[in-house]
Amino acid sequence: TLDCYEEWIDDPKYYQGQVTATPGCPSFPLSQWTLLLEGRAPDLEKVLTGHYSTSIDPKQSQSLGKGFEITLSQPTTTHKVKTYGDWSITSDLWIEALTFIMPWKEGELRSYKWYLSGFFVDVHYALHSRIIDFDKACRLKVEGQKYLRFDSISNFRRLEVSHLSSLGMVAYSELNQLSSSTGDKSSGKFSGGGKKGRFESSGQGEPCLNWNRGACDKSTTECTCFHVCSKCRGGHKRTECGTMAKAAK
């Protein structure tokens, strides 16, 4: 593997042309072929976008003379890798392309995909973005240390903790951001007095009734309403509201 990278990195564009002209070459964005030949991690969003693209020639070039050239690109729709389905499609395309130039790596890459797929099964879908980020971190680690194998799972344990554990640095930073966002939403002001006061905020302003009943499956950042008490606008559900407990007495 290392010998191949040492040879290909001298002239990746030349070898890209050789690869794409080989019968049976899988469909893969040209820019991402170059990254593979250099031993670098591909951009899965560009892979997914290229997979669904219907543009034959998205770039147009015009020579201006004296060695100058202007290139115009047509606007394209970027397909984000957000779900397990997106990730699985792009991972299969990546494995197909990489094993075309390095057939001996197929078992290694399939084992890595099986390892990552297990997290998508065990982790709630609302947190699948963490698994996708964890995958990116693993690929970048192998890019920086090309002697590593994707099926040597022990090499990724620390990244697994930082991205997927609630104690990890990445996950903890996300929780802090979420808490700050929740605090901003819960700090809306009341105008007027008594029961006629109106809740003022830059968002929708209305408390989420489903959340108050314990039935809202959206996070505070995804829900169009506020996760606050529908009675007193506090940071608790209505069933936990102190005003109701006093009324019951």
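Here the structure is shown first, and the text comes after it.
Residues numbered from 1 in each chain as written. Predicted model: local features only at pLDDT ≥ 70, side-chain atom pairs only at ≥ 80, totals over all residues. Heavy atoms only, no water.

Draft legend 1. Broad picture of the overall build of the chain. The secondary structure content of the chain amounts to 11 helices and 4 strands. A burial count over the chain gives 33% of its 249 residues as buried. On the chain, roughly 15900 Å² of surface is accessible, and the fraction owed to carbon and sulfur atoms is 53%. (Helix = DSSP H or I, 4+ residues; strand = E, 2+ residues; numbered from the N terminus. Buried < 20%, exposed > 50% of the residue type's maximum accessible area, 1.4 Å probe, protein only. Areas by Shrake-Rupley, 256 points an atom, 1.4 Å probe, with all protein chains shown as cover.)

Draft legend 2. Structural context of the packing of helix 2 (residues 12-20) against helix 3 (residues 30-37). Where helix 2 contacts helix 3, the axes come no closer than 9 Å and their chain directions differ by 115 degrees. In terms of orientation, helix 2 and helix 3 fall into the roughly perpendicular class. When you trace helix 2 past helix 3, the crossing you get is right-handed. Contact residues: helix 2 offers Pro 12, Tyr 15, Gln 16, Val 19 and Thr 20, while helix 3 offers Leu 30, Trp 33, Thr 34 and Leu 37. In terms of residue class, the contact of helix 2 with helix 3 is built from 6 nonpolar, 3 polar and no charged. (Axes fitted to C-alpha atoms, helices over the stretch in contact; angles between N-to-C directions. Parallel < 35°, antiparallel > 145°, perpendicular 65-115°, else oblique. Left-handed = near helix turned anticlockwise from the far one by under 90°. Contact = heavy atoms within 4.5 Å. Nonpolar A, V, L, I, M, F, W, Y, C, P; charged D, E, K, R; others polar.)

Draft legend 3. View of helix 3. The element helix 3 is largely enclosed, with a buried count of 6 among its 8 residues. Gln 32, Trp 33, Thr 34, Leu 35, Leu 36 and Leu 37 are the residues of helix 3 that are buried. Next to the buried residues of helix 3 lie helix 1 (2-8), helix 2, helix 4 (44-52) and helix 5 (84-101).

Draft legend 4. Layout of the packing of helix 5 against helix 6 (residues 106-122). At their nearest, the axes of helix 5 and helix 6 sit 10 Å apart, and the two run at 170 degrees to each other. Classified by the angle between their axes, helix 5 and helix 6 sit roughly antiparallel to one another. Contacts between helix 5 and helix 6 involve Tyr 84, Trp 87, Ser 88, Ser 91, Asp 92, Trp 94, Ile 95, Leu 98 and Thr 99 from the former and Glu 106, Leu 109, Arg 110, Tyr 112, Lys 113, Leu 116, Ser 117 and Phe 120 from the latter. Of the residues belonging to the contact of helix 5 with helix 6, the class tally is 9 nonpolar, 4 polar and 4 charged.

Draft legend 5. A look at the environment of Phe 28. Here Phe 28 shows up in the loop between helix 2 and helix 3. Accessibility expressed as a relative area gives 9% for Phe 28, which makes it buried. Spatially, the C-alpha atoms of Phe 28 and Leu 93 are 7.4 Å apart, while their sequence positions differ by 65 residues. Among residues more than four places away in sequence, those in contact with Phe 28 are Trp 33, Leu 36, Pro 42, Val 47, Leu 93, Trp 94 and Ala 97.

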